[in-house]
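# Tertiary structure, described
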Amino acid sequence: MERMNEAIKKAPILPEKWRIDGQTQYSAYLQRQSNEKVTETQATEIVIPVVFHLIDSAAALSWITDRDVYEQVEILNQAYGGKKAVLYKNVIPPEIYSRVGNIPVRFTLARRTPAGALTSGIERRVNTTPDRISIKSTADGGLDAWDTNKYLNIWCGTFTGGDDGLLGIATFPFTTTEGPQGVVVSIATLPYTSNVSRSYFPSYSEGSTLVHETGHYFYLWHTFGDDTVCNNDDFRIEPGWPLPNGAGPEGDDTPEEKGGPDNAIFGNPSQNYSDGCAKLPFGEMYGSFMNYFDDRALFMFSEGMRKRVQGCIDLYRPGLKTSNGATPPGAINDAFLVTVTPRGIPERREFIINNTPLTARVRNNGTATLTRVNVSVGLDAGALPTNLFNINLLPGADTTLSLGVINAAAGTHLVTIFTSAPNNLADNFTNNDTIQSFIYINTASISTPFKEEFSGNTFPPPNWTIWNPQGNTTWTKSTTSGFTAAGAATVQNFDYDGGGQFDDLITPPINMGSYDSSLLSFRVAYAV
């Protein structure tokens, strides 16, 4: 928003130009409506072909694998489809969860170029990243946009100069000052899932930056209304760019917020958080992807936003609905390994017990029914034995396969899983076949009931684990505070400014025995 406001200051005539352009596009929409029998439906899925243009140094491009790009697309789908919000259902106010919107769009990497050739949907160019506008031009050191009416174009790079520190920027339907329509994000905001040595932003490493910027591309404003005083301006309409009924201010279902330096719009808020603007006790919609909080704090779009995105596509981005960019130009075979469980990533290793079941979710990204696929599993540097699975999976459908159990000694391990030979043929896209899961096996356990007062001689206590992937300030034992005796687990947050970093203190596996429920409680330590 800051850069859009700067553009208006430099050229005050811009809003009037946008208004006139909007009237033209709205007239075209009305004409399409008159030529078609239109009924409102929420269920019709809109498939949006996406192309990633990566422009950066050879070192930076080597950090970002094609798997990272696939992961980012899946994050887009989880976010817009309302699936991430499900994970927060029992930890956020029900009044907020009831407003979650499931936006019927499905993002997929393009499989057809504008010229009709088969593509992975990922372009790479080794070059110093140009500025945020030049990155959209091959002649200026970037990569040209594909047909912006038919593809969502996403440019990624490492920005310097006047764009130093840029996380992302997108074009609203009416934007004319940022080059071709699409989204630009820092390459360091792509999800941190594979390369353990790459550069990334600890607070923005889970793919929500692109989710947020794509929201702007679909005419969504910040929930704090881009104002330093309490407001509800996040459903406002740009003059000349109307939206269907329910997608404008009358459909606003987000509580009041404010932005500015006096409001904590960054970080990780918790349940019922409010900046003082929300009039109801359940607080603000801090988990909206259109907020500025850290990636792991964002998990939802609202139902009003759902209407707004659909309205934007219908009126101003209708070419996405009829694009053939997601359709391969010919028959292909593609067994896409979507995810595995348990799934650990470099920054967030998965802690499990021995003999934990391993499953894989496979998607048929090919054009014919998938009747068989090989899945190989290996532990650390060991062999990768292959298992054949006979299945019946239609194009676009997913299935979950059981891969046995993970059996190994206590400690850290790397599990490698990959698919091959779909329908006993070559896989056209091997860049989405492999996942590595970073795990830690704990072979000891404790039984309920139990308590830990951290008063022993060792810290962490036996079979407990500290996970401190950044290697900075972390959990220590306090000998001057406790509850009934000296001893407490503590982190010196007063002197610790490592925003977005992980510092986990992990219990051993807890054996619940025959109990069918549990209660976990904590006690605040004080000076003893």
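What follows covers helix H7 (residues 208-217). Buried residues dominate H7, accounting for 10 of its 10 residues. If you check which residues of H7 are buried, you get Ser-208, Thr-209, Leu-210, Val-211, His-212, Glu-213, Thr-214, Gly-215, His-216 and Tyr-217. One or two residues past the end of H7 sits Tyr-219, with phi positive at roughly 75 degrees.

To continue, consider the packing of aromatic side chains. Evaluated as defined, the whole model comprises 24 aromatic pairs. Plain terms: the ring middles of Trp-146 and Tyr-151 are 5.3 Å apart, the flat faces sit at 85 degrees to each other, and that makes the pair edge-to-face. The class for Tyr-151 is buried, based on a relative accessible area of 3%. Ring geometry for Phe-224 against Tyr-292: centres 5.0 Å apart, planes inclined by 65 degrees, an arrangement best described as edge-to-face. On the criterion of sequence distance, the pair formed by Phe-224 in the loop between H7 and helix H8 (303-316) and Tyr-292 in the loop between H7 and H8 is long-range, its members being 68 residues apart.

By the secondary structure assignment, Arg-363 is in strand S9 (residues 356-364). A residue is classified by how much of its surface remains accessible, and Arg-363, at 15% relative accessible area, is buried.

Backbone torsion omega between Thr-448 and Pro-449 reads -10 degrees, so that peptide bond is classified as cis. The omega torsion across Phe-459 and Pro-460 is -5 degrees, close enough to zero to call that bond cis. You can see Pro-460 is positioned in the loop between strand S15 (446-447) and strand S16 (465-467). Even without glycine at this site, Asn-355 takes up a positive phi of about 65 degrees. With respect to the element layout, Asn-355 can be found in the loop between strand S8 (350-353) and S9. Positive phi is not limited to glycine here, since Asn-463 has a value of about 75 degrees. Along the polypeptide, Asn-463 turns up in the loop between S15 and S16. Look at Asn-463 and you get partly exposed, because its relative accessible area is 41%.

What counts, and at which threshold
- Residues numbered from 1 in each chain as written.
- Predicted model: local features only at pLDDT ≥ 70, side-chain atom pairs only at ≥ 80, totals over all residues.
- Heavy atoms only, no water.
- Buried < 20%, exposed > 50% of the residue type's maximum accessible area, 1.4 Å probe, protein only.
- Helix = DSSP H or I, 4+ residues; strand = E, 2+ residues; numbered from the N terminus.
- Phe/Tyr/Trp six-rings, centres within 6.5 Å; stacked < 30°, edge-to-face > 60°.

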